[in-house]
Amino acid sequence: MSKSILFLAHVSDAGNTLPKTSYEVLGTALKLTKQFGARLTIGLIGADVTAAAETIAAAGADRILAVSGPDFATARYASDAAAAEAICRSAGAELILAPATSRFMRSLAGVAHRLNGCVDTHVTTLEAVNGELCATRWHYRQRIEGVFRRSARPWIMLLESGCEAAWTGQPAAAKIEEIPVTLPKAATRTVVTGVRAPKSDAQTIRPDANLLFVAGAGWTKKQADGKPHVDVAEKLILDFLRVSGASLGGSKSLVDQSGESEAVLGFMTHLNQVGQTGSTPRHAKGLSTCCHGEEPHVVGWRFINERRAVNLDPNCGWARGKADVLYIADAFEVVAKLNALLAEKSRISSEAVVSQD
Ligand SMILES: Cc1cc2nc3c(=O)[nH]c(=O)nc-3n(C[C@H](O)[C@H](O)[C@H](O)COP(=O)(O)OP(=O)(O)OC[C@H]3O[C@@H](n4cnc5c(N)ncnc54)[C@H](O)[C@@H]3O)c2cc1C
C-alpha cells in the first residue's frame with residue numbers, strides 16, 4: 001500500500017538553520033519512504049525557512065511546505081500548533097515524523113488531537129516490518145524496550161536525537177509552497193522577551209560531545225590524608241572538560257549535596273544528574289570518576305556505547321560487569337595525568353598547524 005510521509009521541522013530559535021537532530025529524522029523519513037515506496041513531504045516552520053529548505057532540498061521530497069513569518073520565529077504553543085496543523089492538513093500524510101525538540105514536544109500532542117490522530121514521543125527507531133510501521137521506545141527509565149504498531153492515522157512520532165545517522169547532502173535551490181496561516185489575536189499573547197543562558201564557560205552539558213565525563217560524590221569525600229580537596233577536584237574537572245570537550249554528568253549523591261549544605265562542586269547542578277531520576281544522555285563514550293556505579297545511576301548509562309570507570313574500590317558497582325573497563329585508581333591522580341597528556345597533545349597539534357602555515 002502506498003503511504004505518504006511528512007517530515008516536519010522548525011528552524012532553530014536563534015537563526016534560520018535546522019537543529020542537528022532534524023537531519024537525523026530526515027534520514028529516517030527517507031529510509032521509510034524507500035521501504036514503503038511512499039511519497040515524502042517536508043514541512044518547515046520559522047521566521048524565514050529559505051536557507052533551511054535549501055539545506056535539505058536535495059533529499060528529493062515531492063513537496064516542501066512552509067508556514068513562515070515573524071509570528072513563527074520563536075517557540076510558542078499557539079503559533080507552533082497552528083503552523084504544524086496547517087502543514088499536516090495540507091500534506092494529508094498518514095505518518096508524520098518530527099524531531100523531539102522542546103518546541104515540538106510541547107505542541108505536537110495538541111496537533112494530533114486536532115487532527116483526530118495519535119502521537120508518540122521518545123521514539124528511538126522506526127522500521128517497516130512486513131509492510132507495517134514498527135516503532136521502538138524505552139519504558140521504565142530505559143530498562144524495557146517496547147516495539148509497537150498503531151492503526152490510528154495520522155500518526156505523529158517525535159524521534160529522540162542520536163539514534164539515526166544524520167542525512168547529508170549539498171544545498172540546492174528549494175521550491176517552497178507557502179501555506180498562509182492567520183493567527184487570532186489570542187494566539188500571539190505570549191511573547192519571548194529574551195533568553196537567559198548560563199555563561200559559556202559554565203555550559204557543561206554538551207549533548208553533541210563524543211565523551212560523557214561523570215563525577216561522583218567521591219570527589220568531595222575525605223581523601224587519603226583524611227581531608228576533602230574540593231577546590232582541587234573543581235579545577236581538575238573543569239580543566240578536563242576544557243581540554244577534552246566532554247559533557248559533564250553527575251551522580252545523584254553529588255548533585256544532592258548542595259541542598260544538604262555539604263562541600264559541593266560549584267558548577268554541578270541537578271541538570272547534570274545521570275540515572276533513574278536523572279537523564280539518559282547519548283554519547284559514544286563515558287568515563288565515570290569517583291562514582292560507585294549503583295544500579296539507579298547506571299541505568300542512565302543505557303545509551304553510552306563504551307563505559308569506563310575510575311574507582312579506588314575494586315568491589316564497586318562498576319566492577320560487577322557495568323563498565324567495560326574499570327581502573328582501580330585514584331581519580332585525582334588519573335585526571336591530573338589525563339589533563340597533562342591532553343594539554344600536551346593539543347600543544348603539539350597547534351604547533352603542527354603553525355609550522356604548516
Ligand atoms: C529511587 C532511587 C533513584 C535514584 N536515582 C539515581 C539517579 O538518577 N542517579 C544517581 O546517580 N543515583 C540515583 N540514586 C542513588 C544511587 O543509588 C546512589 O546512592 C548514588 O548514585 C551514589 O552516588 P556516588 O556513587 O557518587 O556516591 P558514593 O556511593 O558515595 O560513592 C563514591 C565513590 O567514590 C569513590 N572514591 C572516593 N574517592 C575516590 C578517589 N580519589 N578516586 C576514585 N574513587 C574514589 C569511592 O570508592 C566510592 O565508590 C537513586 C536511588 C534511589 C533509591
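Conventions adopted
Residues numbered from 1 in each chain as written. Predicted model: local features only at pLDDT ≥ 70, side-chain atom pairs only at ≥ 80, totals over all residues. Heavy atoms only, no water. Helix = DSSP H or I, 4+ residues; strand = E, 2+ residues; numbered from the N terminus. Buried < 20%, exposed > 50% of the residue type's maximum accessible area, 1.4 Å probe, protein only. Contact = heavy atoms within 4.5 Å. Areas by Shrake-Rupley, 256 points an atom, 1.4 Å probe, with all protein chains shown as cover. Domains from an automatic or database assignment. Buried area = accessible area lost by both parts, 1.4 Å probe. Salt bridge = Lys/Arg side-chain N within 4 Å of Asp/Glu carboxyl O. Polar contact = N/O pair within 3.5 Å; in protein donor to acceptor, adjacent residues only side chain to side chain. Nonpolar A, V, L, I, M, F, W, Y, C, P; charged D, E, K, R; others polar. Near = heavy atom within 4 Å. Expected span 1.5 Å × (residues − 1). Pairing = 2+ DSSP bridges. Axes fitted to C-alpha atoms, helices over the stretch in contact; angles between N-to-C directions. Core = buried A, V, L, I, M, F, W, Y, C linked by side-chain atoms within 4.5 Å. Phe/Tyr/Trp six-rings, centres within 6.5 Å; stacked < 30°, edge-to-face > 60°. Lys NZ or Arg CZ within 6 Å of the ring centre and 35° of its normal.

Draft legend 1. Layout of the overall build of the protein. Helices and strands together make up the secondary structure of the protein, namely 8 helices and 14 strands. Considering only C-alpha atoms, the protein reaches an extent of 70 × 50 × 45 Å along its principal axes. Residues classed as buried in the protein amount to 46% of the 357 residues present. Counting contacts in the protein only where the partners sit at least 6 residues apart, residues at least 24 apart contribute 67% of the total. Working note: accessible area of the protein is about 17,900 Å², and carbon and sulfur atoms make up 53% of it.

Draft legend 2. A look at the domain arrangement of the protein. Each assigned domain of the protein is listed here: domain 1 (4–188) and domain 2 (211–356). For domain 1 and domain 2, the distance between their C-alpha centroids amounts to 36 Å. Counting residues at the interface gives 9 residues for domain 1, matched by 11 residues for domain 2. Interface area for domain 1 against domain 2, summed over the two sides, is near 810 Å², with a carbon-plus-sulfur share of 46%. Of all residues in domain 1, Arg 141, Gln 142 and Arg 143 give up the largest surface area on contact with domain 2, accounting jointly for 66% of the area buried on that side. Counting across the interface, domain 1 meets domain 2 through 2 salt bridges. Salt-bridge contacts for Arg 143 lead to Glu 295; the nearest nitrogen and oxygen are separated by 3.1 Å. Viewed at the interface, domain 2 and domain 1 are joined by 7 residue pairs in polar contact (both at pLDDT 80 or more). Here the residues of the side of domain 1 that touches domain 2 sort into 2 nonpolar, 4 polar and 3 charged.

Draft legend 3. Spotlight on the site of the ligand. Near the ligand you find 28 residues, and of these Ala 217, Gln 223, Ser 251, Gln 273 and His 292 are the closest. Note that an oxygen atom of the ligand is positioned 3.1 Å from one of the side-chain N or O atoms of Ser 253. The backbone of Leu 312 places a nitrogen or oxygen atom 3.3 Å from a nitrogen atom of the ligand. Protein burial of the ligand: of its 990 Å² of free accessible surface, 77% is covered by the chains. Counting residues per element, the ones that place at least two in the shell around the ligand are helix 6 (252–256), helix 7 (295–298), strand 13 (304–311) and helix 8 (331–356).

Draft legend 4. Here's a closer look at helix 1 (residues 20–36). End to end, helix 1 covers 25 Å across 17 residues, agreeing with the expected 24 Å (1.5 Å per residue, within 8%). Where burial is concerned, most of helix 1 is hidden: 12 out of the 17 residues are buried. Among all positions of helix 1, only Thr 21, Ser 22, Tyr 23, Glu 24, Val 25, Leu 26, Gly 27, Thr 28, Ala 29, Leu 32, Thr 33 and Phe 36 are buried.

Draft legend 5. Region of the structure containing the pattern of salt bridges. The final tally for this structure, using the stated rule, is 17 salt bridges. Lys 252 serves as the salt-bridge partner of Asp 256, at 3.0 Å between the closest nitrogen and oxygen. Residue Asp 256 and its partner Lys 252 are located together in helix 6, separated by 4 residues, close to a single helical turn. Residue Asp 256 is classed as buried on the basis of its relative accessible area, which comes to 19%. The class of Lys 252 is partly exposed, set by a relative accessible area of 42%.

Draft legend 6. Quick peek at the sheet that holds strand 10 (residues 211–215). In space, the 5 strands of this open sheet follow the order 11-10-12-13-14, with parallel pairing throughout. Two strands close off the open sheet at either side, each with one partner strand: strand 11 (247–250) and strand 14 (325–328). Each strand axis lies, on average, 20 degrees off the axis of its neighbour in the sheet, ignoring direction. Running over the sheet, helix 5 (residues 230–244) touches strand 10 and strand 11 and is turned about 175 degrees from strand 10.

Draft legend 7. Structural detail: the sheet that holds strand 9 (residues 176–178). Across the sheet, which stays open at both edges, the 9 strands sit in the order 7-6-5-8-4-1-2-3-9 with mixed pairing between neighbours. Every other strand in the sheet has two partners, leaving strand 7 (144–148) and strand 9 as the edge strands with one partner each. Strand after strand, the sheet turns through a mean of 35 degrees between neighbouring axes, direction not considered. With 3 bridges connecting them, strand 1 (residues 4–10) and strand 4 (residues 95–99) associate as parallel partners. When the sheet's bridge partners are listed, Phe 7 is paired in strand 4 with Leu 97.

Draft legend 8. The arrangement of the nonpolar core in detail. In this structure, Phe 7, Leu 44, Ile 56, Leu 97, Leu 126 and Met 157 are the most contacted members of the largest nonpolar core, which totals 34 residues. Of all hydrophobic cores here, the second largest spans 27 residues; its members include Ala 81, Ala 84, Phe 104 and Ala 112.

Draft legend 9. Structural detail: the side chain of Thr 41. Here Thr 41 lies in strand 2 (residues 39–46). The contacts of Thr 41, once residues within four sequence positions are left out, are Ile 5, Leu 6, Phe 7, Arg 63, Leu 65 and Ala 91.

Draft legend 10. Inspection of the packing of aromatic side chains at higher detail. Overall, the coordinates contain 5 aromatic pairs when judged by the stated rule. An angle of 55 degrees between the planes, with centres 4.8 Å apart, marks the rings of Trp 219 and Phe 332 as tilted. Taken as a pair, Trp 219 in the loop between strand 10 and helix 5 and Phe 332 in helix 8 lie far apart in primary sequence, 113 residues in all. For the pair formed by Trp 219 and Phe 332, the shared burial category is buried. The residue whose ring lies beneath Lys 3 is Phe 36, and the NZ or CZ to ring-centre distance is 4.6 Å.

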